[in-house]
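Below are the chains, spelled out letter by letter.
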Amino acid sequence: MKRMLLFTMIGVLSLGAPLYAATCFYQPGNNNDSGDNFYGPSMCNQPFIDAVWEHFDFDKGDWDDGFGWDEACNVDQPLARTFNALYLLAYSAEDYATSTSDFSGNALRWAYPYSASNIDELDGRCGSGDKNTGARATTYRGPTVDDRTVLKWPFFYGEVVVQRAGTILHEARHAAGKSHNGGSGCPRGKSCDTNWAYQGANMYQVLYLWWFRVDGTRTTSAMKNWARSEAQNIIDRGFNTNPGYVIP
Amino acid sequence: MRARAPEVTRGLIESYGKTAPDRYFRRWALLETLREVSDKGALSFVARLSSSPIPPERIKGDPERSSADEEVRIRIKAVEVLAAVASQGVQEADEALLRLVRHADRGIRRTAIRGYLAAGRSSEEQARRGEVLRKRLPKTDYGLITLDATDVKQVPHPAMPEKFDIKRAPRAKN
């Protein structure tokens, strides 16, 4: 059911008149399909929320006014959907990392510590306010900007939980200073990396999804199959030189 | 479910038709279920879907995400349904797969090639199918005529420090 989101962005001109105002609406769709109902009960515990709040430097001001700060377990709202992705990112390895400074093991294990170490803060915004329009996430980094990763409507409502987890790791790679270097030279024509050896965001995302497919736990077979499909799609369409990998 | 395969297949196809185009996971999941059911009754539907053109881009203004990617994934899943039906010795499914082995999208043609190859029930039959494929494919695609897959452990990984301390510069809070 579509519900009105209370979040309203209002800028004020020096004269005091509104510069702009925008209201966005929740678009949860089917929370069984997206996996949010599956992960929600596990995610919804205070110690976990406290931990991710600190690791990703969440701020109340970026997640209140309808984004979920006061309803952190409501999976219709952006914050809980982000927590679900972080839960999947943190706990999908059987022997998951228990410290954000532990990078041992495979991508399934180091994805969460890597993301927590490289993303300066996670913010929620409406963006376009439509799950099919605009960027899902944008990472800002540099000497003259506030380093941050901003998650938007297509992230919250256009991706299933495992896709969101892959997106967070992808953005973490950008936050670490690795931009796409392939221009529009890959089959999908955007966000291309030249090749696997570049070790860009596409490679990191593929590795996570691939290991999730192979060894992911505390999940569903549908999430694992979808992860395989997503990873294979990036292999085939996200590199200027196809690495030639086929995921079984 | 298999005991009622024709009825289940009809229901799944009907549900697919009622699903909004931008519900990619639902569409994909319906096809995955069709693959598991593997009923011959799905043949014309998935053959049509797998060769249908990719619709115009629906995701506007996202530098990272594309509806074309989602549509390709859905068509690949449709080809997997064809392959599952072909594995039961259904010749029409073989023919549908062969029509896709020169598809413009690499993922679609690879899935069709592997599906056709895998439908051979003996190594001799697979070898014969390999010859059929060689006659149809350009030499540049001969490498796709295989059922080999990649072990993720053999793929180059980035070097990670076993341990490292997070050091962040102090930052103003909101």
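Quick caveat: nothing in here was measured; it's all calculated off a predicted structure.

Turning our eyes to something else, we now look at the overall build of chain B. Along the backbone of chain B there are seven helices and zero strands. Going from the N terminus to the C terminus, chain B shows its helices and strands as α-α-α-α-α-α-α. In terms of overall dimensions, chain B is more spread out than a globule: its C-alpha atoms have a radius of gyration of 21 Å, far above the 16 Å expected for 174 residues. Along the longest, intermediate and shortest principal axes, the C-alpha atoms of chain B span 65 × 40 × 35 Å. Looking at chain B as a whole, 39% of its 174 residues are labelled buried. Here the analysis covers contacts within chain B between residues at least 6 apart in sequence; of these, 61% occur between residues at least 24 apart.

Let us look at the overall build of chain A. Each helix and strand in chain A was counted, giving nine helices and five strands. In chain A, the succession of helices and strands from N to C terminus is β-β-α-α-α-α-α-β-β-β-α-α-α-α. In terms of overall size, chain A behaves like a compact globule, its C-alpha atoms giving a radius of gyration of 18 Å where 248 residues would be expected to give roughly 18 Å. By its C-alpha atoms, chain A is 60 × 40 × 35 Å across when sized along the principal axes. Counting only residues that meet the buried cut, chain A has 52% of its 248 residues in that class. Within chain A, residue pairs in contact and separated by at least 24 positions form 59% of the contacts whose partners lie at least 6 positions apart.

All right, on to the nonpolar core then. Grouped together as the largest cluster of nonpolar side chains are 108 residues, with contacts concentrated most on A:Leu89, A:Tyr208, B:Leu82 and B:Leu97. At 12 residues, helix H4 (residues 67-86) of chain B tops the list of elements feeding residues into this core. In this view, B:Leu97 contacts B:Leu82, B:Ala83, B:Ala86, B:Ala112, B:Gly115 and B:Tyr116; residues no more than four positions away in its chain are not counted.

Quick look at the interface of chain B and chain A now. Each side of the interface is counted separately: chain B has 38 residues, and chain A has 43 residues. Counting only elements with at least two residues in the side of chain B that touches chain A, the list comes to helix H2 (24-37), H4 and helix H6 (106-118) of chain B.

Bringing the sheet that holds strand E5 (residues 148-151) of chain A into the picture now. Residue and element names in this part refer to chain A. What the three strands build is an open sheet, ordered E3-E5-E4; its pairing is mixed. In this open sheet, the two strands that pair with only one neighbour each are strand E3 (122-124) and strand E4 (137-140). Within the sheet, the average angular offset between the axes of one strand and its neighbour, ignoring direction, is 20°. Here four bridges tie E4 to E5, and the two strands are oriented antiparallel to one another. Considered in E5, the bridge of Ala 137 is made with Leu 151. Sitting on the sheet, helix H7 (residues 161-175) touches E4 and E5, and the angle it makes with E4 is about 25°.

Right, let's talk about helix H4 (residues 78-91) of chain A for a bit. Residues lying three or four places apart along an α-helix face the same way, a consequence of the helix completing one turn every 3.6 residues. Taking 1.5 Å of rise per residue, 14 residues should cover 20 Å, and H4(A) covers 20 Å from first to last C-alpha, within 8% of that figure. Judged by how many residues are buried, H4(A) sits mostly within the fold: 14 of 14 residues are covered.

This next bit is on the environment of B:Gln88. Examined against the element boundaries, B:Gln88 turns out to sit in the loop between H4 and helix H5 (91-100). Once the C-alpha coordinates of B:Gln88 and B:Leu49 are considered, the two residues, 39 residues apart in sequence, prove to be 20 Å apart.

Looking now at the packing of helix H3 (residues 43-50) of chain B against H5(B). Think of two packed helices as two axes; the pair is described by the angle between the axes and how far apart they sit. Residues and elements named next belong to chain B. Where H3 contacts H5, the two axes come as close as 11 Å, and the packing angle between them is 0°. The angle between H3 and H5 falls in the class roughly parallel. Across the interface between the two elements, Leu 43, Ala 47 and Ser 50 of H3 pack against Glu 92, Ala 93, Ala 96 and Leu 100 of H5. A class-by-class count of the residues in the contact of H3 with H5 yields five nonpolar, one polar and one charged.

Our focus in this paragraph is the confidence of the model for chain A. In regions of low pLDDT, the predicted coordinates are not meant to be interpreted in detail. Residue and element names in this part refer to chain A. Within chain A, residue pLDDT values average 90, and 91% of them lie at 70 or more. Taken element by element, chain A is modelled with least confidence in strand E1 (residues 4-12), mean pLDDT 38, and with most confidence in helix H8 (residues 201-215), mean pLDDT 98. Note that pLDDT drops below 50 for residues 1-21; the model gives that stretch 31 contacts with residues more than four away or on any other chain.

Keep in mind that most residues, glycine aside, have a negative phi and that most peptide bonds are trans. The backbone of A:Asp57 shows a phi angle near 50°, a positive value even though the residue is not glycine. For A:Asp57, the position within the fold is in the loop between helix H2 (46-55) and helix H3 (60-63). Positive phi outside glycine occurs at B:Ser38, with the angle close to 55°. Relative to the assigned elements, B:Ser38 resides in the loop between H2 and H3.

Thresholds, definitions, all that
- Residues numbered from 1 in each chain as written.
- Chains lettered and ligands numbered in written order.
- Predicted model: local features only at pLDDT ≥ 70, side-chain atom pairs only at ≥ 80, totals over all residues.
- Helix = DSSP H or I, 4+ residues; strand = E, 2+ residues; numbered from the N terminus.
- Rg over C-alpha atoms; globule rule 2.2 N^0.38 Å.
- Buried ≥ 20, exposed ≤ 12 C-beta atoms within 10 Å, placed from the backbone.
- Contact = placed C-beta atoms within 7 Å.
- Core = buried A, V, L, I, M, F, W, Y, C linked by C-beta atoms within 7 Å.
- Pairing = 2+ DSSP bridges.
- Axes fitted to C-alpha atoms, helices over the stretch in contact; angles between N-to-C directions.
- Expected span 1.5 Å × (residues − 1).
- Parallel < 35°, antiparallel > 145°, perpendicular 65-115°, else oblique.
- Nonpolar A, V, L, I, M, F, W, Y, C, P; charged D, E, K, R; others polar.
- pLDDT = per-residue confidence, 0-100.

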